[in-house]
Amino acid sequence: MTVNVLILCTHNSARSVLAEAMLNHWAARLGQPVRAFSAGSAPSGRVNPHALAVLAAAGIDTAGVRSKSWDEFAHEDSPQMHVVITVCDSAAAEQCPYWPGSPVKVHWGYPDPSSAPEAQREQAFELTRQALGYRLLQLLALPLSSMPAQELQRSLVAISKA
């Protein structure tokens, strides 16, 4: 069984895209049956070039990465999500649509690297990529396909506090 993870941020241009690409990269490298998706409630329609640059510098494939609306994942025929992670505070505060599959939800907040001064923006994106990667590797260390929902919820919250 493939475990589907949806990562949300309001504009789906930076943090959630970084997380989607990182999780898919690490899942493939580790042979884990996990598939990441990302979306936003008000997608910008573009992926931040700094996000693409730090992913490319880390050797992570960005083919197919795009800014998407969360509406793409709220239909009955959408992939069933097992985990939904919000990575920005504004997305966490929004009323999310119904997700097929009644996934476990958790908030892992990160500052917006886009708001860093231009001279520090690339570094802010790289630090965000590393911080996301740290938590995503912990996620991949869990027995995701066999964990009961309550145990998975507790583990995801614990990761958010690590």
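One structure accompanies this document, and this report is about it. (Residues numbered from 1 in each chain as written. Predicted model: local features only at pLDDT ≥ 70, side-chain atom pairs only at ≥ 80, totals over all residues. Heavy atoms only, no water.)

1. Details of the packing of aromatic side chains
Using the following cut-off: Pairing of aromatic side chains requires ring centres within 6.5 Å, counting the rings of Phe and Tyr and the six-membered ring of Trp. Pairs whose planes differ by under 30 degrees are stacked, by over 60 edge-to-face, and all others tilted. The helix count covers DSSP runs of H or I at least four residues long, the strand count covers runs of E at least two residues long, and both are numbered beginning at the N terminus. Only protein chains enter the accessibility calculation, which uses a 1.4 Å probe. A residue is then buried if its area is under 20% of the maximum for its type, exposed if over 50%, and partly exposed in between. A ring is considered to have a charge above it if a Lys NZ or an Arg CZ atom is located within 6 Å of its centre and within 35 degrees of its normal.
In total, this model carries 1 aromatic pair according to the counting rule given. Ring centres 5.4 Å apart and planes at 55 degrees place the aromatic pair Phe-37 and Phe-73 in the tilted group. You can see Phe-37 sitting in strand S2 (residues 34–39) and its partner Phe-73 sitting in the loop between helix H2 (49–57) and strand S3 (83–86), a full 36 residues away along the chain. The class of Phe-37 is buried, set by a relative accessible area of 13%. On the basis of relative accessible area, Phe-73 is assigned to the buried category, the value being 5%. The ring centre of Phe-37 lies 4.9 Å from the NZ or CZ of Arg-35, which sits over that ring.

2. Quick look at the packing of helix H1 (residues 15–30) against helix H4 (residues 118–140)
Rules: Only the contacting stretch of a helix is used when fitting its axis, a line to C-alpha atoms as for every element, and angles between N-to-C directions run 0 to 180 degrees. For this classification, under 35 degrees means roughly parallel, over 145 means roughly antiparallel, 65 to 115 means roughly perpendicular, and everything else is oblique. Handedness of a crossing follows from how the near helix is turned relative to the far one, being left-handed for an anticlockwise turn of less than a right angle and right-handed for a clockwise one. Two residues qualify as a contact provided that any one of their heavy atoms is within 4.5 Å of a heavy atom in the partner residue. Following the grouping adopted for this structure description, the nonpolar residues are Ala, Val, Leu, Ile, Met, Phe, Trp, Tyr, Cys and Pro, the charged ones are Asp, Glu, Lys and Arg, and the polar ones are all others, Gly among them.
With their axes 9 Å apart at the nearest point, H1 and H4 run at an angle of 45 degrees to one another. As the angle between them shows, H1 and H4 are arranged oblique. The hand of the H1/H4 crossing is right-handed. Counting all contacts with H1, which are made through Arg-15, Leu-18, Ala-19, Met-22, Leu-23, Trp-26, Ala-27 and Leu-30, the residues of H4 involved are Phe-125, Thr-128, Arg-129, Leu-132, Gly-133, Leu-136, Leu-137, Leu-139 and Leu-140. Residue composition of the contact of H1 with H4, by class: 13 nonpolar, 2 polar and 2 charged.

3. What about the sheet that holds S2?
Rules: Note: two strands are recorded as paired if DSSP finds a minimum of 2 bridges between them.
Reading across the sheet, the 4 strands line up as S2-S1-S3-S4 and stay open at both edges, with parallel pairing between neighbours. Strands at the two margins of the open sheet, each flanked by one partner only, are S2 and strand S4 (104–107). Adjacent strand axes in the sheet meet at a mean angle of 20 degrees, parallel and antiparallel pairs treated alike. Each of S3 and S4 is contacted by helix H5 (residues 149–161), which is oriented at about 10 degrees to S4, the strand it contacts most.

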